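Fold and geometry: a report
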Number of protein chains: 2
Amino acid sequence: MSKKWVYLYKEVAEAEQYTGNWDGVRALLGGKGANLADMARAGLPVPPGFTVTTEACNAYLAAGQQFPEGCWEQELEAMKVIEQQTGKKFGDPNNPLLVSCRSGAKFSMPGMMDTVLNIGMTDEVAAGMAKLTGDARFVYDSYRRLIQMFGSVVMNIDDEPFEEVLAEARKKAGVKSDTELNADQWKAVVAEFEEIFKKETGIPFPQDPTYQIKLATEAVFKSWNGKRARDYRNAAGIRHDLGTAVNIVTMVFGNMGNNSGTGVAFTRDPATGENVLYGDYLINAQGEDVVAGIRNTEPIANLKNEIPAAFQEFVDICTKLENHYREMQDVEFTIENGKLWMLQTRDGKRTARAAIKIAVDMANDGFITKQQAVLRVTPQQVDTLLHPQFDYEAKQSATAEGKRLAKGVNASPGAAVGVVAMDADLAEKWGKEEGKDVIMVRQFTRPDDVHGMLAAKGILTTEGGATSHAAVVARQFGVPCVVGASDISLNYEKRELSVNGITIKEGEWVSIDGSSGEAFAGQIPTVEAKLEEQEDLMTLLSWADDFRKLQVWANADYPADAQRARNYGAQGIGLCRTEHMFFEEERLPIVQKMILAESEDVRQQALDKLLPYQKGDFTGLFRTMTDLPVIIRLIDPPLHEFMPEHDEVFERVITKRVKGETAGLAEDEALLEAIEKMHESNPMMGLRGIRLSVVFPGLVKMQVRAIFEAACEVKKEGYNPKPEVMIPLTGHVNELKLIQPALEEVAKAVMEEQGVEVEYKFGTMIEIPRAALTAYEIAEVAEFFSFGTNDLTQMTFGYSRDDAEAGFLLKYVEDGILPKNPFQTIDVDGVGQLMKMAIDNGRKARPSLEVGICGEHGGDPESVEFCHYAGNNYVSCSPFRVPIARLAAAQAALKEKGFKAK
Amino acid sequence: MSKKWVYLYKEVAEAEQYTGNWDGVRALLGGKGANLADMARAGLPVPPGFTVTTEACNAYLAAGQQFPEGCWEQELEAMKVIEQQTGKKFGDPNNPLLVSCRSGAKFSMPGMMDTVLNIGMTDEVAAGMAKLTGDARFVYDSYRRLIQMFGSVVMNIDDEPFEEVLAEARKKAGVKSDTELNADQWKAVVAEFEEIFKKETGIPFPQDPTYQIKLATEAVFKSWNGKRARDYRNAAGIRHDLGTAVNIVTMVFGNMGNNSGTGVAFTRDPATGENVLYGDYLINAQGEDVVAGIRNTEPIANLKNEIPAAFQEFVDICTKLENHYREMQDVEFTIENGKLWMLQTRDGKRTARAAIKIAVDMANDGFITKQQAVLRVTPQQVDTLLHPQFDYEAKQSATAEGKRLAKGVNASPGAAVGVVAMDADLAEKWGKEEGKDVIMVRQFTRPDDVHGMLAAKGILTTEGGATSHAAVVARQFGVPCVVGASDISLNYEKRELSVNGITIKEGEWVSIDGSSGEAFAGQIPTVEAKLEEQEDLMTLLSWADDFRKLQVWANADYPADAQRARNYGAQGIGLCRTEHMFFEEERLPIVQKMILAESEDVRQQALDKLLPYQKGDFTGLFRTMTDLPVIIRLIDPPLHEFMPEHDEVFERVITKRVKGETAGLAEDEALLEAIEKMHESNPMMGLRGIRLSVVFPGLVKMQVRAIFEAACEVKKEGYNPKPEVMIPLTGHVNELKLIQPALEEVAKAVMEEQGVEVEYKFGTMIEIPRAALTAYEIAEVAEFFSFGTNDLTQMTFGYSRDDAEAGFLLKYVEDGILPKNPFQTIDVDGVGQLMKMAIDNGRKARPSLEVGICGEHGGDPESVEFCHYAGNNYVSCSPFRVPIARLAAAQAALKEKGFKAK
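The structure displayed is predicted, hence computed values, not measured ones.

Take the overall build of chain A next. Within chain A one finds 37 helices and 33 strands. Across its three principal axes, chain A shows a C-alpha extent of roughly 105 × 65 × 50 Å. The proportion of buried residues among the 902 residues of chain A is 59%. Of the contacts formed within chain A by residues at least 6 apart in sequence, a portion of 69% connects residues at least 24 apart. Carbon and sulfur atoms make up 47% of the accessible area of chain A, which totals about 34,900 Å². Treating the 98 positive side-chain charges of chain A as one cloud and the 133 negative ones as another, the clouds have centres 3 Å apart.

As a further point, take helix α8 (residues 183-201) of chain B. Residues and elements named next belong to chain B. Between its first and last C-alpha, α8 extends 26 Å over 19 residues, near the 27 Å set by a 1.5 Å rise per residue. Along α8, the residues classified as buried are Trp 186, Val 189, Val 190, Phe 193, Glu 194, Ile 196 and Phe 197. The buried residues of α8 occupy an angular sector of 160 degrees when projected down its axis, which confines them to one face. Pointing more than 90 degrees away from the buried face of α8 are the exposed residues Asp 184, Glu 195 and Lys 199. Looking at where α8 begins, the residue whose side-chain oxygen comes 3.2 Å from the main-chain nitrogen of Asp 184 is Asn 182. Positive backbone phi, at 80 degrees, marks Gly 202, one or two positions downstream of α8.

Here two copies of a chain appear, and what relates them is a rotation about an axis with a shift along it. Of the transformation placing chain A onto chain B, the axial shift is 0.0 Å and the rotation is 178 degrees, giving an RMSD of 0.5 Å. Expressed as an axis order, the relation between the two copies is that of a two-fold axis. Here 100% of the contact residues of chain A are again contact residues in chain B; the copies associate through an equivalent surface.

Residue and element names in this part refer to chain A. Across the six residues that make up strand β30 (residues 761-766), a large majority, five, are buried. Note that the unit made of strand β29 (residues 722-727), helix α29 (residues 733-754) and β30 has a crossover that is right-handed. Where β30 lies against strand β31 (residues 784-787), three bridges are found, and the strand directions are parallel. Residue pairing across strands places Met 765 opposite Ser 786, the latter belonging to β31.

This part covers the packing of aromatic side chains. Counting across every chain of the model gives 49 aromatic pairs over all chains. Geometrically, the ring pair formed by Phe 67 of chain B and Trp 72 of chain B is tilted, given 5.9 Å between the ring centres and 40 degrees between the ring planes. Here Phe 67 of chain B and Trp 72 of chain B have matching classes, each one buried. Members of the aromatic cluster, joined through ring pairs, are Tyr 60, Phe 67, Trp 72 and Phe 221 of chain A. Lys 4 of chain A extends its terminal NZ or CZ atom over the ring of Tyr 7 of chain A, reaching a point 4.8 Å from the ring centre. Note that Lys 436 of chain A overlies the ring of Trp 430 of chain A, its terminal NZ or CZ placed 4.3 Å from the centroid.

Here we take up the pairing of strand β5 (residues 99-105) of chain B. Residue and element names in this part refer to chain B. Counting buried positions along β5 yields seven of seven residues, so the element is predominantly enclosed. Burial along β5 is two-sided: Val 99, Cys 101, Ser 103 and Ala 105 and Ser 100, Arg 102 and Gly 104, pointing in opposite directions, are all buried. In the sheet, β5 pairs with strand β6 (residues 115-119) via three bridges, with the strands oriented antiparallel. Its bridge partner lying in β6, Cys 101 is registered against Val 116. Relative to strand β7 (residues 244-250), β5 runs antiparallel, the two being bridged by seven bridges. Paired with Arg 102 across the strands is Asn 247, a residue of β7.

Packed helix pairs are characterised by how far apart their axes lie and by the angle those axes make with each other. Residues and elements named next belong to chain B. Direction vectors running N to C along helix α25 (residues 646-659) and helix α26 (residues 665-678) enclose 145 degrees, while the axes themselves pass 9 Å from each other. Classified by chirality, the crossing of α26 by α25 is left-handed. In this structure, α25 contributes His 646, Val 649, Phe 650, Arg 652, Val 653, Lys 656 and Arg 657 to the contact, and α26 contributes Leu 665, Asp 668, Glu 669, Leu 671, Leu 672, Ile 675 and Glu 676. Its residues placed into classes, the contact of α25 with α26 shows seven nonpolar, one polar and six charged.

Attention now moves to the interface of chain A and chain B. Across the boundary between the two partners, chain A contributes 54 residues, which contact 54 residues of chain B. Taken as a group, Met 685, Arg 770 and Ile 817 of chain A account for 14% of the area that chain A buries against chain B, more than any other trio of residues on that side. Between chain A and chain B we count two salt bridges in total. Taking the shortest distance from any N to any O, the salt bridge between Arg 770 of chain A and Asp 827 of chain B comes out at 2.7 Å. At the junction of chain A with chain B, the criterion picks out 22 residue pairs in polar contact (both at pLDDT 80 or more). Broken down by element, the residue count for the side of chain A that touches chain B peaks at eight residues, all from helix α25 (residues 646-659) of chain A. In the side of chain A that touches chain B, the residues fall into 25 nonpolar, 15 polar and 14 charged.

Residue and element names in this part refer to chain B. Counting across every chain of the model gives 106 salt bridges over all chains. Lys 902 is the partner of Asp 347 in a salt bridge, and the nearest nitrogen-oxygen pair spans 2.5 Å. Remark: Lys 902 occurs in the segment after α37 (882-896) and Asp 347 occurs in strand β12 (residues 339-347); sequence separation between them is 555 residues. Classification of Asp 347 as partly exposed rests on a relative accessible area of 33%.

Let us look at the environment of Thr 262 of chain A. All names here are of chain A. Mapped onto the elements, Thr 262 comes out in strand β8 (residues 261-266). Expressed as a C-alpha distance, the spacing of Thr 262 and Asp 280, which sit 18 residues apart in the sequence, is 8.7 Å. Here the side chain of Thr 262 touches Phe 333 through a polar contact of 2.9 Å, landing on its backbone oxygen.

What follows deals with empty space enclosed by the protein. Residue and element names in this part refer to chain A. Scanning the model with the defined rule gives four cavities of 30 Å³ or more in all. Estimated volume of the largest cavity: approximately 150 Å³. In terms of lining, the largest cavity is formed by 16 residues, of which the most central are Ser 100, Arg 102, Leu 117, Met 251 and Leu 343. Counting only elements with at least two residues in the lining of the largest cavity, the list comes to α2 (22-41), β5 (99-105) and β7 (244-250). Tallied by class, residues from the lining of the largest cavity come to seven nonpolar, seven polar and two charged.

Turning our attention to helix α10 (residues 227-236) of chain A. Residue and element names in this part refer to chain A. Along α10, the residues classified as buried are Ala 229, Tyr 232 and Arg 233. Along α10, the residues classed as buried sweep out an arc of 95 degrees about the axis, all on the same side. Turned more than 90 degrees away from the buried face of α10 sit Lys 227 and Asn 234, all of them exposed. Residue Gly 237 follows α10 closely and has a positive phi angle near 70 degrees.

A word on unusual backbone geometry. All names here are of chain A. Of note in this structure, Arg 495 is not a glycine but carries a positive phi near 55 degrees. For Arg 495, the position within the fold is in the loop between β20 (489-491) and β21 (496-499). For Asp 627, which is not a glycine, the phi torsion comes out positive at approximately 75 degrees. By the element assignment, Asp 627 lies in the loop between α24 (600-624) and β28 (629-633).

What follows deals with a negative patch on the surface. Residue and element names in this part refer to chain A. A cluster of acidic side chains, namely Asp 158, Glu 160, Glu 164 and Glu 200, defines a negative patch on the protein surface. Residue position: Glu 164 is located in helix α7 (residues 160-173). Residue classification places Glu 164 among the exposed residues on the basis of a relative accessible area of 51%.

Attention shifts here to the sheet that holds strand β20 (residues 489-491) of chain B. Residues and elements named next belong to chain B. Pairing is antiparallel across the open sheet formed by three strands, whose spatial order is β20-β21-β22. Where the open sheet ends on each side, the last strands, each with one partner, are β20 and β22 (502-505). Averaged over all adjacent pairs, the angle separating strand axes in this sheet is 20 degrees, with direction ignored. Sheet analysis places β20 next to strand β21 (residues 496-499), joined by three bridges and oriented antiparallel. When the sheet's bridge partners are listed, Leu 490 is paired in β21 with Leu 497.

Next up on the list: the environment of Glu 124 of chain B. Checked against the element boundaries, Glu 124 of chain B lands in helix α5 (residues 123-133). Here the alpha-carbon distance between Glu 124 of chain B and Gly 91 of chain B, two residues 33 residues apart in the chain, equals 8.4 Å.

Parameters and conventions
- Residues numbered from 1 in each chain as written.
- Chains lettered and ligands numbered in written order.
- Predicted model: local features only at pLDDT ≥ 70, side-chain atom pairs only at ≥ 80, totals over all residues.
- Heavy atoms only, no water.
- Helix = DSSP H or I, 4+ residues; strand = E, 2+ residues; numbered from the N terminus.
- Buried < 20%, exposed > 50% of the residue type's maximum accessible area, 1.4 Å probe, protein only.
- Contact = heavy atoms within 4.5 Å.
- Areas by Shrake-Rupley, 256 points an atom, 1.4 Å probe, with all protein chains shown as cover.
- Lys, Arg positive; Asp, Glu negative; His and termini not counted.
- Charge placed at Lys NZ, Arg CZ, Asp CG, Glu CD.
- Expected span 1.5 Å × (residues − 1).
- Arc of directions from axis to C-beta.
- Polar contact = N/O pair within 3.5 Å; in protein donor to acceptor, adjacent residues only side chain to side chain.
- Least-squares fit on C-alpha atoms with pLDDT ≥ 70 in both.
- Right-handed = clockwise from strand over helix to strand, strands pointing away.
- Pairing = 2+ DSSP bridges.
- Phe/Tyr/Trp six-rings, centres within 6.5 Å; stacked < 30°, edge-to-face > 60°.
- Lys NZ or Arg CZ within 6 Å of the ring centre and 35° of its normal.
- Axes fitted to C-alpha atoms, helices over the stretch in contact; angles between N-to-C directions.
- Left-handed = near helix turned anticlockwise from the far one by under 90°.
- Nonpolar A, V, L, I, M, F, W, Y, C, P; charged D, E, K, R; others polar.
- Buried area = accessible area lost by both parts, 1.4 Å probe.
- Salt bridge = Lys/Arg side-chain N within 4 Å of Asp/Glu carboxyl O.
- 1 Å grid on protein atoms, 1.4 Å probe; cavity = no way out; pocket = protein on both sides within 12 Å on 5 of 7 lines; lining within 4 Å.
- Points joined across faces, edges and corners; volume = space filled by probe spheres on them.
- Patch = residues over 30% accessible without salt bridge, like charges linked within 9 Å, V, L, I, M, F, W, Y side chains within 5 Å.

So, in structure tokens, the structure goes:
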């Protein structure tokens, strides 16, 4: 007996048994198929249907596009069952069964794959149906849809010729919308569509319904490997080997007149998270009209007035579904002659704000646990909420000045400013290749446009609603988006948009507010998001804090940064970079003098001058972070970074020499010589970090003196400073043995001078592979480790970040040679392995060893999760990413304990 | 009871019991003390004495220069025993006991530490002795020696004022040598010496013998930590925590007239290894006169005629000692009034040539095993033998032209050419800091001069013999050395040397032949040493080959290198660098065209032109290495290395711009732009190695085609080529998965075209830490690993070699922050750990994995030993170092099995 490739909805229990659990059912039948079966099992009105499994898809693709043994036969069997269930017959002009064929993968990929409706229609069936229903308008409308979709999806015919025929027909009939065309007009359209089909494919439109269904099934299978689908999965991080299922479902018709309709809805508002039914519908239309965003839709609440009974049943079903899935649902429905049919339910995509509100609301209502709430919000969603917003005043005055172009639907929140790009390719070119801020502006978007949407800072469409393609994709990827800004006219030929007499050319600036749905001409200044004002997020993060084990610290060089970090929940400063301070205007000349000093005396004089500045840098930091640890890193970069650029001085010298000018030449030549002497072929691996301390101990001694003078001073003021002195770039324990005790002596001397005791630690960065490999020795000296994962990644991979990220690394990530950019997400196999070794061996030597990470990875959720498992005490990240890290840390802790989002 | 700090010679068995073995006795009593005790036990004539242990020295130094409890008391006790043994009494003018106080560490450090003779003399004792012996000349000569040595060693008085008094005394007496001074003259010298002592120290010369011995003991203890001793130990690789023992030995006098004498001898010739007694003596002198090389000595054979009985006894004892120790001995003796006393025996230092001859002779004579012979020769000694020699013809004609300056003693073999530096500081400055080839030329050398000697390519002295300080140090460190070239006059004021009317100024060139003892004006061309002509070495290496497990391959880019490697015993080519070939004159323009190509066509055209050149590179190599593997590394360096220097083009552009010249400006600007576009901040970590292959696959495909076309061609000629294609710089297995199969396809295509099957492998370098960490994945693709330990060391330490070795790394090694230069000797803890992981994990994935090393470490004996233990299949090094690696590999294998040199 061949494998079971096809499951009727009523066979869902069998699928559950075969796969072992619901997640397995979703993997086998796809999300759509699984949920349709689930709804059918629950007695909800689902049109009879069946699912061809993802396994069949994978087998089909693996065999070079051949149905696996028995699959097609099982599909035919299932059709017979449906015929029995519906009492209709496939291809029978007197009682025809029509079905849809839709893809449905485990994870939803909206609009990414293919659907064919009204399968089963032929010239003969159409004629029969017209007789049977007495509604030839509806029948030929349906038939032309089949021809168009089948042509486009199965046979790869462009939509354009079909759309031209439609436009011509509307024009000829003198109507604005397709629904106004009458039966004869549709019949004429069908004839023209069949012509197009034949012209484009070389064969007539198939008149065998079984052949239609076979080709449609194969088209869905193949669509899994289409470029659009692959791009989407790459962007969304979905595996490529899952395959898609195929759902064959009895057609129901929303376009059978004014007692029919179709719509999509969310059980809560997907933009704000409010607990109200949210969606759109169209009377007398098929579902694709709503999703494609081509016709402007009505808000779902209005349905109550149009088809009240069906609406009430729908509202009740929505409540039931939310209760069943304990999650906000995204549903599709059709009303056929007053009878409600549920066509789909799935967890609804939502904005970050909505995700947080829904999770917090559901937990507060006892609907889910707090642990589930914390697991249901992604760190990326928190990130989105912390994106900048427009400055309120500036927005008001832009509005007053008439710069507000339009108000559309607030489809995905956040403020975005960029230059207009009117197609996806240009948006990608400008945004990705040239690094410009781009707002992609289109009438509406299609799956082909995703590459441009992902490269844009914001998306603005003139058509479509909250569930249109543009809105769904934008929300998912956190791109600010306004849709349906219908006041705006686009002129693709002139490459410009216009509204209220304002014309904006492609390349000119616009600003969009995805939270309010507004679009503006020009650039409106943005302000940072205020965490304090986002109550739901504050609540969620406070729950997260209860669950996490990992502390979250922040990287901050100045008191203002530290204050923000503290406000955002940072439990310490994991990295204060002291060298930034050396670049300040009044200090740089002293720093250069110090560097160029030819005698120790001159050098010391310069250091003495720097001391009070450096001390001043730390007092504010210690006050702000009173009671919390502040890790201050001693000078790290090579000294030549503080000197003028070689080429600049070189050019000056050559120019003067060629011109025979002597003024200042000798000084320039001396400077050039000094710079050339300091030149290193690979400065990243040169005289920096602790190596500088070994060669010029005076500099770091000054820094340690400044740290402890500052700490003593603020302690006297009543604060409680907790300085931790961090020595960068240790590679051999002997470096630390030489430097650390000498610096600790300075610290003790200062505290004795000042008569103040300060709690302190000395430790080192672990950023050289050798340091990680010999952590057992280094931990005997250092009281703490802080992984400098930026440099550790550079050295472990042998990548110079500046060069690589602008060069081959891009290609490596795009081509999948590297699964992720290792400078964004810790490379667990290589860099992570070193970290794990260092932590384990370091703790063997010093059980109390404090371990953190201060590279940029500290704010990356996946890396935070790794750090949780690796045994870090804390991660340190930029203040803005502290909330993200708090959530990620909690999720790691919960996952480790076996908690799940559902 | 306090610890036993002092051992009488007769208590040697107790020391053996305490320490467990003879090595322990040597560590406790020092080499000199242990051997004196051993000789005493064997009934040889050793003056009564005792040893203060190295433990006492360490305790003394650790306690801040305080005698440990009981130590001084035990020393006084031991003195009493000696008084009994000799029947003399310390400080008794009527029957005085005199002793010497000498340092003696576990490992010999000739001249590095301090000795005081004639302790026990005071004004009173001297007067009494003069009466007793009737030889006032001898007594006051001895006394003045005590005052001078005690002043210099214990009180740090300069030798100069003492030497001035002596010179004045000789002048006054009208004699040439000290021995000609009479009693009164010596008495007057003593008075003046006592004056100097008082003037320089502020106290009179101590008249309490016990106080003398106490201070002398302490001086020896302290000398362990003196700068000279530390420098020596750093250079010789001796640990600093061993401490020195102190030997107190009854004085015997070689300066009691013409029936007395003193000498040092080797039981075999330390320069050639010939089995003849070899050494020097002086009649009527104390031992220091011989060792210091101040007086010209007589060859030991002549002693037979002067004091025949003592000579015969001495010869017999030498034979006995060699039989006992089964090793060539370096002995010191004194004859006091015809009675022979043995003052020291130790394993004799020897030249490389002698070491090999002695080891091979002793093994051939069945005196030691072949395993012992192999373990007795150091790889460094083999290295020395492979040093260049002067071209025979050139030397002959230099002699004919009168350029031979002098013939002295051939103290340490090898040819050296350099500029004259007449003091150690200058030799160090020129040699170490400025990288010049320097010959250090001095009258004689002292321990203070070692830093200069080590920085020199050769050493030439006008005084001293084969056992003088200069000769001993030079031999030990393998620096060519000629001593006692007495025809040459030095003028330190004019900074020049002159001989036979030739004057050579400091900074001018000389050539010295340490094998023949000749010195020449100017630069004489050198020729490489011929291994084939060194029979003993060939024998030793053939034994080594029988014992070793590790194969030795060689790095060679050209057929001539490969031929030498094969002659030297290489079993394969571990690294052929293909990029060197791209720099050849006719190829570089094509390479640049390939790099700058803006289209694939133009690039491919350039590659097509390079193909025949590249193929030609390999045919010769494959012929030479027929039957043996040849690993060819695909292009590794960043492409900008093939372009003109940025600054050069930049200067040209600016100059033309300033001058307003337009000729060629546009081309130069375009070139500059291209160069700037290729610029990388850290090219070491940039677009090179396999990354180049990913970005420009055409280049490596051309290389693989060339390799296999060459292999097929020579196979058709009847050779048996075994190419192994090595992909450099892999960091992630996916890089290899992308590139290796594509290259293997090229290989197969070529073999098919040619109709020839060639045995081949594809593999990768492991030089990125991440590759080592993920070896388990990489070995699934690569058939062999070759550790690029140069780059692996760079990345693991985060050191850019070019920058570091010219910068801080020097300081790191000198200050002991790094125990060794990790670019010379594998850093076992860090880099070695990675290698071990990679080998173990790689072999788990592919048990047949071939593992080698092709960094410069492949020729470093310690690193070879590490590779043996780590489980490498082979090491690959420069052809010249192949014999060294063969020996080192054998020694590692023997040591692992527990074989010992003795």
